[in-house]
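Reading the structure
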Amino acid sequence: MTTVIVLNGGSSSGKSGIARCLQAVLPDPWLTLGVDTLIDAMPSTVDDGIDFAADGGVSVGSGFRRLEDAWMAGVAAMVRAGARVIVDDAFLGGAASQQRWRDALAGLEVLWVGVRCDGAVAAGREMARGDRVTGMAEAQAEIVHRGVVYDFEVDTGVNEALACAREIAARVE
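So, here's what we can say about the structure. Quantities reported herein were computed from a predicted structural model and do not represent experimental measurements. (Residues numbered from 1 in each chain as written. Predicted model: local features only at pLDDT ≥ 70, side-chain atom pairs only at ≥ 80, totals over all residues. Heavy atoms only, no water.)

Right, let's get into the overall build of the protein. For the protein, the helix and strand inventory stands at 7 helices and 7 strands. Reading the protein from its N terminus to its C terminus gives the helix and strand order β-α-β-α-β-β-α-β-α-β-α-α-β-α. Taking the principal axes of its C-alpha atoms as reference, the protein extends roughly 40 × 35 × 25 Å. Looking at the 173 residues of the protein, the share that counts as buried comes to 46%. (Helix = DSSP H or I, 4+ residues; strand = E, 2+ residues; numbered from the N terminus. Buried < 20%, exposed > 50% of the residue type's maximum accessible area, 1.4 Å probe, protein only.)

Here it is, written out as structure tokens:
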């Protein structure tokens, strides 16, 4: 039985919307935990944390990684304790980021989902949101998928979040 759904896609690709729709269409209760929640929970004083460049680039340091590792272990512990979880993330390190999640979620049934969206479409969403550094969506549109292996992929540039959620839900065992 699937206990974790990992949604990976660039900024403004539609992961959070899909996660909310999944919560509505899946028969059992699922928690949604996103990397944005982790970032919001971090103090601004983390040494070697996360930096957002003016051009939309994102860099993370060892301080961020230490807290992220603890967060990943916590997510896995919640699943092992009986919760079903949808993870909303952007694998800035591509395959290396996926491997970190694979290690944390070892032994759990995970559905790996790529959330694709054309960079120009995501950039338009980013502009409309107004809460992201301009350029982040375009910069992340492809890099987050490099070397990542998925069970399934959706494209929010051509399908609404609810349609994508229904496609994903049909693959949850």
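Here the narrative resumes.
A separate point is unusual backbone geometry. A positive phi angle, near 65 degrees, is found at Ser12, a position not held by glycine. The exposure class of Ser12 is buried, given its relative accessible area of 6%.

Structurally, Glu68 is set in helix α3 (residues 62-80). We classify Glu68 as buried; its relative accessible area is 5%. In contact with Glu68, not counting residues within four places along its chain, are Leu38, Met42 and Arg100. (Contact = heavy atoms within 4.5 Å.)

Proteins that are soluble and globular tend to have nonpolar side chains buried together. If you look at the biggest cluster of nonpolar residues, it comprises 22 residues, and the most contacted ones within it are Val4, Val6, Trp101, Leu105 and Trp112. Among the elements that line this core, the one with the most residues is α3, at 6 residues. Discounting chain neighbours no more than four positions away, the residues touching Val4 are Trp30, Val79, Val85, Val87, Leu105, Leu108, Glu109, Val110 and Leu111. Counting residues in each nonpolar core, the second largest holds 19 residues, with Ile5, Ala19, Leu26 and Val115 among its members. (Core = buried A, V, L, I, M, F, W, Y, C linked by side-chain atoms within 4.5 Å.)

Within strand β5 (residues 85-89), 5 of the 5 residues are buried, which leaves it mostly tucked inside the rest of the structure. Residues of β5 alternate between two faces, with Val85, Val87 and Asp89 on one and Ile86 and Asp88 on the opposite face, all of them buried. Taken together, the 5 bridges between strand β1 (residues 4-8) and β5 define a ladder with parallel strand orientation. Its bridge partner lying in β5, Val4 is registered against Val85. (Pairing = 2+ DSSP bridges.)

Applying the stated criterion across every chain yields a total of 0 disulfides. With no disulfide partner, Cys21 has as its closest neighbouring cysteine sulfur the one in Cys164, 8.9 Å distant. When its relative accessible area of 19% is taken as the criterion, Cys21 is described as buried. (Disulfide = S-S within 2.5 Å.)

This part covers the packing of helix α1 (residues 15-25) against helix α7 (residues 161-169). Put simply, α1 and α7 touch, their axes get as near as 8 Å, and they point 55 degrees apart. The orientation of α1 with respect to α7, classified from their angle, is oblique. The element α1 and its partner α7 pack so that their crossing is right-handed. The residues of α7 that touch α1, namely those facing Gly17, Ile18, Cys21, Leu22 and Val25, are Ala161, Leu162, Cys164, Ala165, Arg166, Ile168 and Ala169. Looking at the contact of α1 with α7, its residues break down into 10 nonpolar, 1 polar and 1 charged. (Axes fitted to C-alpha atoms, helices over the stretch in contact; angles between N-to-C directions. Parallel < 35°, antiparallel > 145°, perpendicular 65-115°, else oblique. Left-handed = near helix turned anticlockwise from the far one by under 90°. Nonpolar A, V, L, I, M, F, W, Y, C, P; charged D, E, K, R; others polar.)

Another aspect to go through is the pattern of salt bridges. Per the counting criterion, the structure on display carries 7 salt bridges. Its salt-bridge partner being Glu68, residue Arg100 comes within 2.5 Å of it at the nearest N-O pair. In this pair, Arg100 sits in helix α4 (residues 95-104) while Glu68 sits in helix α3, placing the two residues 32 residues apart along the sequence. Within this structure, Arg65, Glu68, Asp69 and Arg100 form a network of salt bridges that share partners. (Salt bridge = Lys/Arg side-chain N within 4 Å of Asp/Glu carboxyl O.)

Moving on, we come to the sheet that holds β5. Spatial strand order, β2-β5-β1-β6-β7: 5 strands in an open sheet with parallel pairing. Where the open sheet ends on each side, the last strands, each with one partner, are β2 (31-34) and β7 (152-155). Going from strand to strand, the sheet's axes swing by 20 degrees on average, the running direction of each strand aside. Pairing of strand β6 (residues 110-116) with β7 involves 4 bridges; the strand directions are parallel. Paired with Arg116 across the strands is Asp155, a residue of β7.

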